[in-house]
Amino acid sequence: MKKISKKRNAAVAVCMCLILSGCSGSMTPAEETKAAETIVTETAVGNADPVETEAEIEIDTVTMEDIVNANKNDTLVSQFGSFQVTLTDEVETLVTYVGDDGIAYIGWPDDDYGELYVDNELVYSHDGDIYRGQMYVGTEPEMFYTDNVLFSNLSTFEEIKNFEEKDGLLYVITEQGPEYTEIFMTERNYGYDEGGYLHIEYILDAETLAEQAIIEKEIKTDGTERIIGSATVEYSVEIPERAQDTYEHSIKEGDMRTITVIADPDTDNEKEYVGTVLKGDGIAIYHPNGDPELYADRACTEILTNVDLNEDITVYVLTKEE
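Caption draft 1: Geometry of the pattern of salt bridges. Evaluated as defined, the whole model comprises 10 salt bridges. A salt bridge links Arg-132 to Asp-127; the shortest N-O distance between them is 3.8 Å. For Arg-132, a relative accessible area of 5% puts it in the buried group. A single salt-bridge network, built from bridges that share partners, covers Glu-90, Glu-218 and Arg-226.

Set out below in structure tokens:
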């Protein structure tokens, strides 16, 4: 299962949104495993509505590549119109929605933070009560992070250990060796015990291979298990309320303020970027050069502070490292 870092921490372009947004009784491991498996299985069975397909899948010949391809975003959207993944790991809950109208959304409900994408481009975000538009200074727009929310590039390296078909569902168990497990765990900042491997339990629709649920476990060298994440998938769902609110806000007409960004002022490379947002909204500036300062003066000597979200503003930035 793919996971994206909150607030674009893993992006090449760094978002300088803070300045322009204003200033101011435990269970045993066995019981935890049983509880997680019960939640995932019950949710999956509730989602397992039959879907008509043109050709029946031969279960005995299914490969991980088949499963990965069957769960690409475009494939799922063409079949179901929309889908939503709720991923819970040791740190947080992450909700990802993809619809057939070009709208996608990634949300961290525990923190009331989310990002809205239209035609794969990040256009607006919300952080609590603050909405933010997006500006791209010397960089391409931030795009939706994957064409397959449910599976990563490492998924094809999983080895299928067991198939079981029951009541229209396909239960698949896979394992991933230590080499790829270390990559997987490191990418997600889960921590890794040398020699451990991934044990992954999927519940799929037996006809379409569309994923219904997943449990990911790390099996350590001493045989102990650690549940690192679980997820459920819902199909043909309405856009999440917070995503709908953000979308409606992003197209809302009203009193606007203008943000002007002057890159590399008083040089041969000087370039002006202009964006508008509703008064009261912040703006996130994406920049290819790490996290440079925003300045209040053309000489780039006075660091910008104390921004009024109801007023136009001009800021200056250096795109080359000093």
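Caption draft 2: Up close: the pairing of strand S12 (residues 225-235). The buried fraction of S12 is high, at 8 of 11 residues. Note: strand S2 (residues 82-89) against S12, 7 bridges, orientation antiparallel. Looking at S12, one finds that Leu-87 is bridged to Ala-231. Where strand S11 (residues 211-219) meets S12, 7 bridges bridge the pair, whose relative direction is antiparallel. Note on S12: the bridge partner recorded for Ala-213 is Thr-232. Between S11 and S12, which pair antiparallel one after the other, the connecting turn spans 5 residues, and Gly-223 there sits at a positive phi close to 90 degrees.

Caption draft 3: Summary view of the sheet that holds strand S14 (residues 271-278). Taken in spatial order, the 3 strands of this open sheet run S14-S13-S16, and their pairing is mixed. Each end of this open sheet is capped by a strand with a single partner; those strands are S14 and strand S16 (313-317). Neighbouring strand axes in the sheet, compared pairwise and without regard to direction, differ in orientation by 20 degrees on average. For strand S13 (residues 256-263) and S14, the ladder comprises 8 bridges, and the chain directions are antiparallel. Considered in S14, the bridge of Thr-260 is made with Val-274.

Caption draft 4: Fine view of the side chain of His-126. With respect to the element layout, His-126 can be found in strand S6 (residues 121-127). Those residues in contact with His-126, other than ones at most four positions away along the chain, are Tyr-105, Asp-112, Tyr-113, Gly-114, Tyr-131, Arg-242 and Thr-246.

Caption draft 5: Looking closely at unusual backbone geometry. One non-glycine residue, Asp-112, lies in positive phi territory at about 50 degrees. Among the secondary structure elements, Asp-112 is positioned in the loop between strand S4 (103-108) and strand S5 (113-118). Here Leu-209, not a glycine, exhibits a phi torsion of approximately 70 degrees, which is positive. Along the chain, Leu-209 falls in the loop between strand S10 (197-205) and S11.

Caption draft 6: View of the environment of Asn-269. Inspection of the secondary structure puts Asn-269 in the loop between S13 and S14. Sequence separation between Asn-269 and Leu-318 is 49 residues; the distance between their C-alpha atoms is 9.9 Å. Those residues in contact with Asn-269 that lie beyond four places of it in its chain are Ala-263 and Asp-264.

Caption draft 7: Spatial organisation of the confidence of the model for the chain. Of the residues in the chain, 80% have a pLDDT of 70 or more, and the chain-wide mean is 83. Between residues 6-55, whose pLDDT stays under 50, and residues either more than four places distant or in other chains, the model counts 96 contacts.

Caption draft 8: Expanded view of the packing of aromatic side chains. Under the criterion given, the structure shown has 8 aromatic pairs. Ring geometry for Phe-80 against Tyr-235: centres 4.3 Å apart, planes inclined by 35 degrees, an arrangement best described as tilted. Highlighted residues: Phe-80 in helix H3 (residues 73-80) and Tyr-235 in strand S12, separated in sequence by 155 residues. Each member of the pair Phe-80 and Tyr-235 is classed as buried. For the ring pair Phe-157 and Tyr-180, a centre distance of 4.2 Å and an interplane angle of 15 degrees mean the geometry is stacked. With Phe-157 in the loop between strand S7 (130-136) and strand S8 (159-166) and Tyr-180 in helix H4 (residues 178-187), this pair connects stretches of sequence that are 23 residues apart. What makes Phe-157 partly exposed here is its relative accessible area of 42%. The class of Tyr-180 is partly exposed, set by a relative accessible area of 23%. Three or more aromatic residues joined by ring pairs make a cluster, and in this case those are Phe-80, Phe-83 and Tyr-235.

Reading guide: rules and limits
Residues numbered from 1 in each chain as written. Predicted model: local features only at pLDDT ≥ 70, side-chain atom pairs only at ≥ 80, totals over all residues. Heavy atoms only, no water. Salt bridge = Lys/Arg side-chain N within 4 Å of Asp/Glu carboxyl O. Buried < 20%, exposed > 50% of the residue type's maximum accessible area, 1.4 Å probe, protein only. Helix = DSSP H or I, 4+ residues; strand = E, 2+ residues; numbered from the N terminus. Pairing = 2+ DSSP bridges. Axes fitted to C-alpha atoms, helices over the stretch in contact; angles between N-to-C directions. Contact = heavy atoms within 4.5 Å. pLDDT = per-residue confidence, 0-100. Phe/Tyr/Trp six-rings, centres within 6.5 Å; stacked < 30°, edge-to-face > 60°.

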